[in-house]
Amino acid sequence: MRTHYCAEVNEEHIGQEVTVAGWVSSRRDHGGLIFIDLRDKDQVIQLVCDPADNVDAHKIAEEVRDQFVLVATGKMRARGEGLENPKLKTGKVEMVVDKLVIENRSKPMPFELNDEKVNEEIKLKYRYLELRTQKSYDIFKLRSKATIATRNVLDELGFLEVETPIITKSTPEGARDYLVPSRVHGGEFYALPQSPQLFKQLLMVGGFDKYFQIAKCFRDEDLRADRQPEFTQIDVEMSFCDQEDVIAVAEKLLHDVFTKCGFDVPSKFNRMTHSEAMEKYGSDKPDMRYDLQMVDVIDIFERCDNEIFSGIAKTPKKNRIKALKVPKGDEIFSKRQMKGFEEYVRKFGASGLGYFQMKEDGLKGPLTKFFTEDDIQAIIDRCELEVGDAVFFGAGDKKLVLDYMGRFRIYLAELMEIIPKDTFEFLWVMDFPMFEVEEGKVKALHHPFTQPKSLDYEDIEDIESIAYDIVLNGTELGGGSIRIHKEEMQAEIFKLLGIDEEEAQDKFGFLLEALKFGAPPHGGFALGLDRLIMIMTGSSSIREVIAFPKTQKAQCLLTQAPSEVDAEQLKELSLRIRQQAPTA
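So, how was this worked out
Residues numbered from 1 in each chain as written. Predicted model: local features only at pLDDT ≥ 70, side-chain atom pairs only at ≥ 80, totals over all residues. Heavy atoms only, no water. Helix = DSSP H or I, 4+ residues; strand = E, 2+ residues; numbered from the N terminus. Buried < 20%, exposed > 50% of the residue type's maximum accessible area, 1.4 Å probe, protein only. Contact = heavy atoms within 4.5 Å. Areas by Shrake-Rupley, 256 points an atom, 1.4 Å probe, with all protein chains shown as cover. Lys, Arg positive; Asp, Glu negative; His and termini not counted. Charge placed at Lys NZ, Arg CZ, Asp CG, Glu CD. 1 Å grid on protein atoms, 1.4 Å probe; cavity = no way out; pocket = protein on both sides within 12 Å on 5 of 7 lines; lining within 4 Å. Points joined across faces, edges and corners; volume = space filled by probe spheres on them. Nonpolar A, V, L, I, M, F, W, Y, C, P; charged D, E, K, R; others polar. Pairing = 2+ DSSP bridges. Axes fitted to C-alpha atoms, helices over the stretch in contact; angles between N-to-C directions. Core = buried A, V, L, I, M, F, W, Y, C linked by side-chain atoms within 4.5 Å. Phe/Tyr/Trp six-rings, centres within 6.5 Å; stacked < 30°, edge-to-face > 60°. Lys NZ or Arg CZ within 6 Å of the ring centre and 35° of its normal. Arc of directions from axis to C-beta. Parallel < 35°, antiparallel > 145°, perpendicular 65-115°, else oblique. Left-handed = near helix turned anticlockwise from the far one by under 90°. Salt bridge = Lys/Arg side-chain N within 4 Å of Asp/Glu carboxyl O.

Participant: Residues and numbers for the overall build of the protein chain, please.
Facilitator: Broken down by element type, the protein chain carries 17 helices and 22 strands. Projecting the C-alpha coordinates of the protein chain onto the three principal axes gives extents of approximately 95 × 75 × 60 Å. Buried positions account for 47% of the 584 residues belonging to the protein chain. Counted over contacts in the protein chain with a minimum sequence separation of 6, partners at least 24 positions apart contribute 67%. Total accessible area on the protein chain stands at roughly 30,500 Å², and carbon and sulfur atoms take up 49% of it. Charge separation in the protein chain, taken as the distance between the mean sites of 79 positive and 103 negative side-chain charges, equals 4 Å.

Participant: For the layout of surface pockets, give the residues involved together with the corresponding values.
Facilitator: Its volume calculated, the second largest pocket comes out at about 500 Å³. As for the second largest pocket, its lining consists of 16 residues, and the residues nearest its centre are Y178, L179, L192, P562 and S563. Put simply, the parts of the chain that give the lining of the second largest pocket at least two residues each are strand 7 (178-181) and strand 8 (189-192). At three residues, the largest contribution of residues to the lining of the second largest pocket is made by strand 7. Of the residues in the lining of the second largest pocket, the class split is 13 nonpolar, one polar and two charged.

Participant: Outline the sheet that holds strand 3 (residues 44-49), supporting the account with residue identities and numerical values.
Facilitator: What the five strands build is a closed barrel, ordered 1-2-3-5-4; its pairing is mixed. Taken pair by pair, the neighbouring strands of this sheet meet at an average axis angle of 55 degrees, ignoring direction. With seven bridges connecting them, strand 1 (residues 17-30) and strand 4 (residues 69-78) associate as antiparallel partners. Counterpart to T19 in the pairing with strand 4 is T73. Packing of helix 1 (residues 55-63) onto the sheet brings it into contact with strand 1, strand 2 (33-39), strand 3 and strand 5 (93-104), and relative to strand 5 it is tilted by some 65 degrees.

Participant: Please give an account of the nonpolar core that cites residues and values.
Facilitator: Membership of the largest hydrophobic core comes to 44 residues, with the highest contact counts inside it found for L254, F258 and F426. Every residue in contact with F258, bar those within four places of it in the chain, is listed here: F263, V265, F424, F426, L472, L532 and M536. In terms of nonpolar packing, the next biggest core, distinct from the first, is built from 24 residues, L292, V345, A390 and A413 among them.

Participant: With reference to specific residues and values, describe the packing of aromatic side chains.
Facilitator: By convention here, two paired aromatic rings are described through the distance between centres and the angle between planes. Applying the stated criterion across every chain, the model contains 25 aromatic pairs. Aromatic pair F333 and F341: ring centres 5.0 Å apart, planes at 90 degrees, arrangement edge-to-face. By the burial criterion, F333 is buried, and F341 matches it. Note on W428 and Y468: the rings are 6.0 Å apart at their centroids and 80 degrees apart in plane angle, and the pair reads as edge-to-face. On the criterion of sequence distance, the pair formed by W428 in strand 17 (residues 426-430) and Y468 in strand 20 (residues 467-472) is long-range, its members being 40 residues apart. Looking at W428, the relative accessible area reads 1%, which means it is buried. The ring of Y5 is capped by K41, whose NZ or CZ atom sits 4.9 Å from the centre of that ring.

Participant: Residue-level account of empty space enclosed by the protein, with values.
Facilitator: For the structure on display, the rule yields one cavity of 30 Å³ or more. Here the largest cavity is characterised by a volume of approximately 30 Å³. Split into classes, the residues belonging to the lining of the largest cavity amount to six nonpolar, no polar and one charged.

Participant: Quick one: what's the story with helix 12 (residues 373-383), residue by residue and with numbers?
Facilitator: Buried residues of helix 12: D375, I376, I379, I380 and C383, and no others. All buried residues of helix 12 lie within an arc of 150 degrees about the axis, which places them on one face of the element. Turned more than 90 degrees off the buried face of helix 12, the exposed positions are E373, D374 and D381. Downstream of helix 12 by one or two residues, E384 has phi in the positive range, about 55 degrees.

Participant: Before we move on, can you summarise the environment of I139 with the specific residues and values?
Facilitator: Turning to its location among the elements, I139 is positioned in helix 4 (residues 134-156). Residue classification places I139 among the buried residues on the basis of a relative accessible area of 5%. The spacing of I139 and I533 is 394 residues in sequence and 7.7 Å in space, taken between C-alpha atoms. When neighbours within four sequence positions are excluded, I139 is seen to be in contact with I533, T537, S539, E544 and V545.

Participant: Explain the packing of helix 4 against helix 16 (residues 529-537) to me, using residue names and the numbers behind them.
Facilitator: Between two packed helices, the angle of one axis relative to the other and the distance separating the axes together describe the packing. One can describe the packing of helix 4 onto helix 16 by two numbers: an axis separation of 10 Å at closest approach and a directional angle of 125 degrees. The orientation of helix 4 with respect to helix 16, classified from their angle, is oblique. As for the relative orientation of helix 4 and helix 16, their crossing is right-handed in sense. The residues of helix 16 that touch helix 4, namely those facing I139, L142, R143, A146 and T147, are L529, D530, I533, M536 and T537. For the contact of helix 4 with helix 16, the class distribution of residues is six nonpolar, two polar and two charged.

Participant: Quick one: what's the story with the pattern of salt bridges, residue by residue and with numbers?
Facilitator: Counted under the stated rule, the structure contains 42 salt bridges. We note a salt bridge from E464 to K453, for which the minimum N-O separation is 3.4 Å. In this pair, E464 sits in the loop between strand 19 (441-444) and strand 20 while K453 sits in the loop between strand 19 and strand 20, placing the two residues 11 residues apart along the sequence. Residue classification places E464 among the partly exposed residues on the basis of a relative accessible area of 34%. One salt-bridge network, in which partners are shared between bridges, spans K200, D235, E237 and R483.

Participant: I'd love a proper account of the pairing of strand 16 (residues 390-397), names of residues and values included.
Facilitator: For strand 16, a buried count of seven out of eight residues is recorded, marking the element as mostly surrounded by other parts of the structure. Where strand 13 (residues 319-326) meets strand 16, eight bridges bridge the pair, whose relative direction is antiparallel. Counterpart to L324 in the pairing with strand 16 is F392. Here strand 14 (residues 354-359) runs beside strand 16; their pairing, made up of four bridges, is antiparallel. The residue of strand 16 that forms the bridge with G354 is F393.

Limitation: the analysis is restricted to geometry and does not speak to function.
Below, the structure written as structure tokens:
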């Protein structure tokens, strides 16, 4: 129906007849002359309908309204002097229309396409209309380029693309499964995969050596800006490798994908242990685009005259006292603001927040009276304070302090607007703890198939794993580990997690059996494709980079899913809806 896409037309086509097709972006009637901006997949061209040139085309143009679907044929000419549009690739030319066909009409739009203030629920209900915007097209054009680059890089490295099952067995991997009832096996269920983890390990047992997949994954969990119930990840696994081999593949993949998409990033990324990340930044995914490091001052506070602080400092393994220096903070923040920061950290469980200000005549603040001059100097030296700086202190339980001081660090950076834009800072966070204990229950911090460095320990939370996360601008982009490849070790990890032999056989028997048949050493990683594109495009939400996303309540407003099904379908699945009793 067309001879050219709009973006292909330029000065070389002046005097030539061209046919283009697309949607009406805008229409302007200048008292005889009608101008139409016609947009196809990624560009706009100006059509001129002049009754002096073609009466029939002009008559049809009088009927045209925004978002009508048109096919237009005409000769290209240069725009008049001073009428060029430098913002458009086609801004130096326009088409004088000889033939205009309305292929379809559009009812009035429910919202202005480029209006950023439109309610998001309206946009999601009419998602296909928002996809017509240049912004949306550019996002998915880049996403396609990144996906193709991923396949090309991994293919060059000798990886095979293998598809793993979408309906499979429910296995606990940290989040809730989406369950699928079986019609053939009444009362039994499949689950949608949270990841291809076990299948890609089985591919290594099968001798495939190098696998990858652009995998759809599903998690029935509470949603946030960077989460969706279904998401896409770049999934990679390889055999006869160590941690360095896996990291080398991941770094090459990310470097090449970013380069193909027009971004300049380093080929090697910085590294930090999990312990260092938590102690310095209060996060296992620190944003390295700005500094604001926390400093440990628990030894200095142990000597102070304040019983609360000195009491906390007496158990340095269990507790922390952290200082967070803000350069020129005394000049930026008022005393009222500094006191108000205490209310912010209280939202995350803090009992308080202390602060000092570095003045010309020394360190000032409500806490200085509890310290000797030598200890005040020790704080100045430890925190490297200069005149005009402010320093904040959090004290208490280790996990609690690291959490709220880490959040406070981010809050201050955003408040001071010191986070640089259009910058990509990658970081490997290494040596994650193998386990964490919550309410007396041992849980795997990554997943239970991760290789521990050693099982020689006094405190189970001190066991480190051969696990690594890749962090980009404070967002966990993905991660991986070297896997357990021996059945005895896997069985022992299940025991430490409180999974007895019967449960292990029920849920993971197929894996334990496979490990008995000569499983090779293997490891891999997964990268969140949606998060990757979100950061690349500077999008504020992951929903912007998914073609048809769900709301934060996991609803599709476009199709009205989830929805009820009829009684016959439920009967076939051996299911019955139980009505909940009304609440008082």
